[in-house]
Amino acid sequence: MKARKEIAQRALELTVAFEQQTADDKVFQKIARYGKKELAARQIAPQNIMEKMSRAAYEAVLRGKGKIKMDATTLALVKEMEKLARERSILPFRRYDPWDE
């Protein structure tokens with residue numbers, strides 16, 4: 001298990017990398033803006049944000065019917081987001097705030 005701040009920092013790094021990697025695609029830019037906005041608001045756990053972003057990226061590719069494509073580096077970033085979404089830092093019966101210490 002990782003520290004809560006470490007998970008939040010890694011989520012921000014992945015979001016920025018995703019935004020830079022997909023600078024030419026409007027759909028992926030919208031997903032990255034959502035992630036940055038939610039991470040800055042600090043109201044939702046970073047794992048949930050990463051899960052929503054990875055799901056939205058896959059749905060964009062599948063529903064795009066060939067118009068939206070994901071290259072290998074972007075796919076690797078999305079897989080890292082999925083891995084971080086499954087990372088848990090504390091037990092589920094305790095209130096979760098990744099920025100508390």
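For the structure itself, look to the data block above.
Overview of the structure. Just so it is clear, the structure is predicted and the values come from calculations on it, not from any experiment.

So, how was this worked out
Residues numbered from 1 in each chain as written. Predicted model: local features only at pLDDT ≥ 70, side-chain atom pairs only at ≥ 80, totals over all residues. Heavy atoms only, no water. Helix = DSSP H or I, 4+ residues; strand = E, 2+ residues; numbered from the N terminus. Buried < 20%, exposed > 50% of the residue type's maximum accessible area, 1.4 Å probe, protein only. Expected span 1.5 Å × (residues − 1). Arc of directions from axis to C-beta. Salt bridge = Lys/Arg side-chain N within 4 Å of Asp/Glu carboxyl O. Core = buried A, V, L, I, M, F, W, Y, C linked by side-chain atoms within 4.5 Å. Contact = heavy atoms within 4.5 Å. Polar contact = N/O pair within 3.5 Å; in protein donor to acceptor, adjacent residues only side chain to side chain.

## So, the overall build of the protein
In step 1: What the protein contains, in helices and strands, is four helices and zero strands.
In step 2: Its helices and strands taken in sequence order, the protein reads α-α-α-α from the N to the C terminus.
In step 3: Within the protein, buried positions represent 39% of all 101 residues.

## Regarding helix H3 (residues 46-63)
In step 1: Taking 1.5 Å as the rise per residue, H3 with 18 residues should run 26 Å; its terminal C-alpha atoms sit 25 Å apart, in good agreement.
In step 2: Listed as buried for H3 are Pro-46, Gln-47, Ile-49, Met-50, Met-53, Ser-54, Ala-57 and Ala-60. Buried residues of H3, viewed axially, fall in a sector of 165°; they line one side. Facing away from the buried side of H3 by more than 90 degrees, the exposed set consists of Leu-62 and Arg-63.
In step 3: Taken from the residues just after H3, Lys-65 is the one with a positive phi, measuring 55°.

## A closer look at the environment of Glu-51
In step 1: Position of Glu-51 relative to the elements: it lies in helix H3.
In step 2: A C-alpha to C-alpha distance of 6.9 Å links Glu-51 and Met-81, two positions 30 residues apart in sequence.

## Considering the pattern of salt bridges
In step 1: This model, assessed by the stated rule, comprises five salt bridges.
In step 2: Two residues, Glu-13 and Arg-10, come together in a salt bridge whose shortest N-O distance is 3.4 Å. With a gap of three residues between them, Glu-13 and Arg-10 both fall in helix H1 (residues 4-21), about one helical turn apart.
In step 3: Taking relative accessible area as the criterion, Glu-13 reaches 39% and is therefore assigned partly exposed.
In step 4: Across the pair Glu-80 and Arg-10 runs a salt bridge, and its minimum N-O distance is 3.6 Å.

## Regarding the nonpolar core
In step 1: The biggest cluster of nonpolar side chains holds 19 residues, and the ones touching the most others in it are Phe-18, Phe-28, Met-50 and Met-53.
In step 2: Of all the secondary-structure elements, those providing two or more residues to this core are H1, helix H2 (26-41), H3 and helix H4 (72-85).
In step 3: Met-50 has contacts with Ala-11, Leu-14, Thr-15, Leu-39, Met-81, Leu-84 and Ala-85, leaving out every residue within four places of it along the chain.

## Observations concerning the side chain of Gln-29
In step 1: The topology assignment puts Gln-29 in helix H2.
In step 2: What makes Gln-29 buried here is its relative accessible area of 14%.
In step 3: In terms of polar contacts, Gln-29 uses its side chain to reach the backbone carbonyl oxygen of Thr-22, at 2.8 Å.
In step 4: Here Gln-29 is in contact with Glu-19, Thr-22 and Ala-23, once residues within four sequence places are set aside.

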